[in-house]
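# Fold and contact review
Spelled out from the first residue to the last, the chains are:
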Amino acid sequence: MSGNDSDHHVTLSGSPLRIADVVAVARAGRTVALADDTRAAMERSRAAVHEAIAEGRPVYGVSTGFGALADVAISPEDRAALQVNLLRSHAAGVGPPLPDDVVRAALLLRAQALARGYSGVRPIVVERLIDLLNARIHPVVPEQGSVGASGDLAPLAHLALPLIGEGQVRWRDEVLPAENALAEAGITPITLEAKEALALINGTQIITALLALAVADSERLLRAAEIAAAMSFEALGGDPAALAAQVHQIRPHAGQVATAARMRNLLERDGTLPRPRRGAVQDAYTLRCIPQVIGPVRDALEHVRQAVEIEINAVTDNPLCFPDDTGVVSGGNFHGHPVALPADYLKVAVASLGTFTERRIASLVDPRSSRLPAFLVPEPGINSGFMIAQYVAASLASENKTLAHPASVDSIPTSADIEDFNSMGTTAARHLARVVANTETIVAIEVLCAAQALDLSEREPWGIGTQAAYRTVRAQIPFLERDGPPLHQLIETARDLIRSGTLQQAVDAALVQSPGSATAQEIEEGGV
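Residues numbered from 1 in each chain as written. Predicted model: local features only at pLDDT ≥ 70, side-chain atom pairs only at ≥ 80, totals over all residues. Heavy atoms only, no water.

## A closer look at the pattern of salt bridges
The final tally for this structure, using the stated rule, is 29 salt bridges. Ionic pairing is found between Glu399 and Arg434, a salt bridge with its closest N-O pair at 3.3 Å. Of this pair, Glu399 sits in helix α16 (residues 387-403) while Arg434 sits in helix α17 (residues 425-456), and the two are 35 residues apart along the sequence. Residue Glu440 pairs with Arg499 through a salt bridge whose shortest N-O separation is 2.6 Å. In this pair, Glu440 is assigned in helix α17 and Arg499 in helix α19 (residues 487-499), connecting sequence segments 59 residues apart. Take Glu440: its relative accessible area is 3%, and that puts it in the buried class. Its relative accessible area of 36% is what places Arg499 among the partly exposed residues. Overlapping salt bridges, with partners in common, bring together Arg27, Asp101, Asp217, Arg220, Glu440 and Arg499 in one network. (Salt bridge = Lys/Arg side-chain N within 4 Å of Asp/Glu carboxyl O. Helix = DSSP H or I, 4+ residues; strand = E, 2+ residues; numbered from the N terminus. Buried < 20%, exposed > 50% of the residue type's maximum accessible area, 1.4 Å probe, protein only.)

Structure below.
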């Protein structure tokens, strides 16, 4: 694995990290190590800071104030206090704390950026970030307060405070002062030197942490959404002619071609596809246009993945320190626009996926389109069946539309107009996480309704993939004979099947065992 030298830890070595590495550290608790050669690179960039100080050159954030105060000179005797004051003054975040997985991802990405050796920090700074990760000491970082330029200043200040023994952390399921947690864990706080506090808070690591995890979640969600769509396709008697390879080869968008192939793969058995329901000349768009709607979501996801994998390996603080004749340079790599736009793009794509899915749920519960009992229950009237499940899906789809408003089109200047165009990328990424979670629930509701519809149609799914999906659902969720357990419980169980990957893994395993069936990976790689 790139960035990984064992099954036990991720190594920061100058080699690129991948989203999978971020997820492994953020969610699987993978530990982190620092390669020896990165220390030499950091020492060289640190020397550029010392050289600028020795020559008396004004250096932003070292011998000057910050933002609109950049023209205020800081005396040598005040420069250590400047670093502490920077963290304290900028830790102004508000709102609920970010989840631990986002905080862990941000710690990793901040360490990765500094370890590249262009930030002018000592190796001990990166080592302490890694110490927090490996000890599972997670800074409490309020989720609101970043404008997505000059770095994620407020949240990153909260992330950095524990390095100097200040702020709050979550450790062993308890929130406590960082000083206490570090003492119990045997970690010594550090005294920051010139440039180091600024290097810790200048960067896009909160945006990128949120976005990297959202990409991983969206990839899992997309696979589940195609499975749910295939189950509904069978339950509603869709015409597989619309999925034929030649239809999509003459409009060869990569995502469209891949989704059409995936649908055929899920629905096929013994080289044949299920028969369409008689009576309709053409199906509704939510059946007929599955490749043309879900496919572009695939394309959007691939574009965003590429942007994120650049950003997780980028150096995004300011000023930058080059260990050659260039020296210390002020630039704008902290600006969040390169990830703000992808966050908004993916947010719109996933929201459209949720809306598309909800329309099939509506078809499943409506006897006029499904030709099944109303709201998918044997005795409608005394029973309401899945009536309100569709309401919930509609509510979430509508909420997604509000959240999908692009945050990156709105800029509010800050710091006396010195920072006169901000990306608002952190808002985009936070909203994206909510859109993904909402859409996950919508897809879970489709899975529930499609399984119920298949039972009411009194036939087992035809496709190898849809059979496996149906059986996986029924192994944990029984047929709804009448109103009984709250639907909330069923929805949560279905969502857990998707979130854990259980549904997708069961389908993939069945397809691998089916002769001549393409695997999901082959479809993803464009082999089908």
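## Considering the pairing of strand β1 (residues 9-12)
Relative to strand β2 (residues 31-34), β1 runs parallel, the two sharing four bridges. Across the sheet, the residue bridging to Val10 is Val32, located in β2. For the crossover that starts at β1, traverses helix α1 (residues 19-27) and ends in the parallel β2, the hand is right-handed. (Pairing = 2+ DSSP bridges. Right-handed = clockwise from strand over helix to strand, strands pointing away.)

## Let's talk about the packing of helix α4 (residues 100-115) against helix α5 (residues 123-135)
Look at α4 against α5: their axes get within 9 Å of each other, and the N-to-C directions meet at 160 degrees. One element, α4, and the other, α5, form an angle in the roughly antiparallel class. Between α4 and α5 lies a crossing whose hand is left-handed. For the pair formed by α4 and α5, the contact residues are Arg104, Leu107, Leu108, Arg110, Ala111, Leu114 and Ala115 on the first element and Val125, Val126, Leu129, Ile130, Leu132 and Leu133 on the second. Taken together, the residues that form the contact of α4 with α5 break down as eleven nonpolar, no polar and two charged. (Axes fitted to C-alpha atoms, helices over the stretch in contact; angles between N-to-C directions. Parallel < 35°, antiparallel > 145°, perpendicular 65-115°, else oblique. Left-handed = near helix turned anticlockwise from the far one by under 90°. Contact = heavy atoms within 4.5 Å. Nonpolar A, V, L, I, M, F, W, Y, C, P; charged D, E, K, R; others polar.)

## Focus: the environment of Val59
Looking at where Val59 falls in the secondary structure, it is placed in the loop between α2 (36-54) and α3 (79-90). Using a relative accessible area of 9% as the deciding quantity, one classes Val59 as buried. Separated by eleven residues in sequence, Val59 and Ala70 place their C-alpha atoms 9.1 Å apart. Not counting residues within four places of it along the chain, the set of residues in contact with Val59 comprises Ala52, Thr64, Pro319 and Val328.

## Side note on the packing of aromatic side chains
The way to describe two aromatic rings as a pair is by their centre distance and the angle between their planes. The full count for this structure, using the stated rule, is one aromatic pair. For the pair Tyr118 and Phe322, a centre-to-centre distance of 5.6 Å together with 55 degrees between the ring planes defines the contact as tilted. Here Phe322 lies in strand β8 (residues 320-322) and Tyr118 lies in the loop between α4 and α5, a separation of 204 residues in the sequence. One cation-aromatic arrangement involves Arg269 over Trp462; the distance from NZ or CZ to the ring centre is 3.8 Å. In this structure, Arg360 is placed above the aromatic ring of Phe356, and the distance from its NZ or CZ to the ring centre is 4.8 Å. (Phe/Tyr/Trp six-rings, centres within 6.5 Å; stacked < 30°, edge-to-face > 60°. Lys NZ or Arg CZ within 6 Å of the ring centre and 35° of its normal.)

So, to be careful, I would describe these as geometric facts and stop short of saying anything about function.
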